Every structure is written in C-alpha cells, then in structure tokens.
Amino acid sequence: MSILTPLLKDAAISGILALGLKTKPQTMAGLAFYAVTALLAIVGTGFLIHAAYMALQMSFPPVEAAFLMSAIIFTLAAVSWIAGYFLTRAYKRRRSAQWTSEVSETVHTVLGVLEEEFETPIRENPKAAVLIAALGGLFAGTRLR
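Summarised in this report is the structure supplied together with it.

Procedures and definitions
- Residues numbered from 1 in each chain as written.
- Predicted model: local features only at pLDDT ≥ 70, side-chain atom pairs only at ≥ 80, totals over all residues.
- Heavy atoms only, no water.
- Helix = DSSP H or I, 4+ residues; strand = E, 2+ residues; numbered from the N terminus.
- Buried < 20%, exposed > 50% of the residue type's maximum accessible area, 1.4 Å probe, protein only.
- Contact = heavy atoms within 4.5 Å.
- Polar contact = N/O pair within 3.5 Å; in protein donor to acceptor, adjacent residues only side chain to side chain.
- Patch = residues over 30% accessible without salt bridge, like charges linked within 9 Å, V, L, I, M, F, W, Y side chains within 5 Å.
- Areas by Shrake-Rupley, 256 points an atom, 1.4 Å probe, with all protein chains shown as cover.
- Salt bridge = Lys/Arg side-chain N within 4 Å of Asp/Glu carboxyl O.
- Phe/Tyr/Trp six-rings, centres within 6.5 Å; stacked < 30°, edge-to-face > 60°.

1. Observations concerning the overall build of the protein
Here is step 1 of the chain: Regarding its fold elements, the protein presents four helices and zero strands.
Here is step 2 of the chain: Mapped from its N terminus to its C terminus, the protein presents α and β elements in the order α-α-α-α.
Here is step 3 of the chain: By residue count, 14% of the 145 residues in the protein fall in the buried class.
Here is step 4 of the chain: Sequence-distant contacts, at least 24 apart, represent 76% of the contacts inside the protein between residues at least 6 apart.

2. So, the environment of A83
Here is step 1 of the chain: Counting through the fold element by element, A83 comes out in helix α3 (residues 61-124).
Here is step 2 of the chain: Distance in space between the C-alpha atoms of A83 and F33 is 7.8 Å, their sequence separation being 50 residues.

3. A short note on the environment of I73
Here is step 1 of the chain: Tracing the chain through its elements places I73 in helix α3.
Here is step 2 of the chain: Sequence spacing of I73 and A41 is 32 residues, and the spatial spacing of their C-alpha atoms is 7.1 Å.
Here is step 3 of the chain: The contacts of I73, once residues within four sequence positions are left out, are L40, V43, G44 and F47.

4. What about the side chain of T88?
Here is step 1 of the chain: Within the secondary structure layout, T88 lies in helix α3.
Here is step 2 of the chain: Among the polar contacts listed, one links the side chain of T88 to the backbone oxygen of G84, at a separation of 2.8 Å.
Here is step 3 of the chain: In contact with T88, not counting residues within four places along its chain, are T27, G30 and Y34.

5. A word on a nonpolar patch on the surface
Here is step 1 of the chain: On the surface, W81, I82, Y85 and F86 cluster together to form a nonpolar patch covering roughly 390 Å² of accessible area.
Here is step 2 of the chain: Relative to the assigned elements, W81 resides in helix α3.
Here is step 3 of the chain: Classification of W81 as partly exposed rests on a relative accessible area of 42%.

6. Some details on the packing of aromatic side chains
Here is step 1 of the chain: Applying the stated rule across the entire model yields two aromatic pairs.
Here is step 2 of the chain: With a centroid separation of 5.6 Å and an interplanar angle of 15°, the aromatic rings of W81 and Y85 are classed as stacked. Remark: Y85 and W81 occur in helix α3; sequence separation between them is four residues, near one turn of the helix.
Here is step 3 of the chain: For Y85, a relative accessible area of 32% translates into the label partly exposed.
Here is step 4 of the chain: Between the aromatic rings of Y85 and F86, the centroid separation amounts to 5.2 Å while the plane-to-plane angle is 75°, which identifies the pairing as edge-to-face.
Here is step 5 of the chain: For F86, a relative accessible area of 46% gives the class partly exposed.
Here is step 6 of the chain: What links up through ring pairs into an aromatic cluster is the set W81, Y85 and F86.

Below, the structure written as structure tokens:
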C-alpha cells in the first residue's frame, strides 16, 4: 500500500463523518430514565402544591412531612435525570466509536481494491496518470469553491 493510503483514508473518514448522518437521538434506556424523571417531577410537584395548600389551611407537622416528601421526590428526579444523561451519553459515545471503526474498515477495503486496480496502469503510463490526477484536482478545486 502506498504512503498516501492513510492520508486518503483519514480524509475519506473525515468527509463521511462531516456529512452529519442522522442517528437515533435516544435509546430506550434513555427514554425510560426520562420517563421516570418526568413522573417523579410530576409527583413532586403534586406534593409541593398539596403541602403549600396544607400550609395555608393549618400549620402543624404534617405540612413539614409533605414538604420533606416533595424534596425527596425532587431529589430522586434529579438523580434519575443525571444518571440517564450520563448513561445515554456513554452509549452514544460507544456507538459512535463502533460506527467510526466500521467506516474505517470499509474505507480501507475500498482503497485497497482501488490501489490494486490502478497500480498497474499507473506504473505503465505515469505521465498520463499525473495528467489525469492534475485535471481531477483542478476540477475538484473549482467544484469545492
């Protein structure tokens, strides 16, 4: 394999990754964590509203228990959200690394096949190969502007 193969491979992978292919935004585990977080937040809000109402009606220890219950539920919601956030982020990072390695292997295989196909004609006609490469570079340069 030539010296340019790693450079071409890196350029191809960078180009493919720059396309911004859409991936699945969330996993089922992430959705479950978000659902639990939303449920706990709704329950916590309910207790907070009930506690505020009870505080207006009467002021003795059950009100403090209701405020404490809402604080505990909100804390559980925050912990659940943080855990879901970091777990889904780790999953996305692992999936992205796996996809990058698959793309790298595919590009490497394609470049190997292309090198095998074009090596003999380039060795037999180096001037024509340089001319074709220069024209291709010129065309690509004008198209990318």
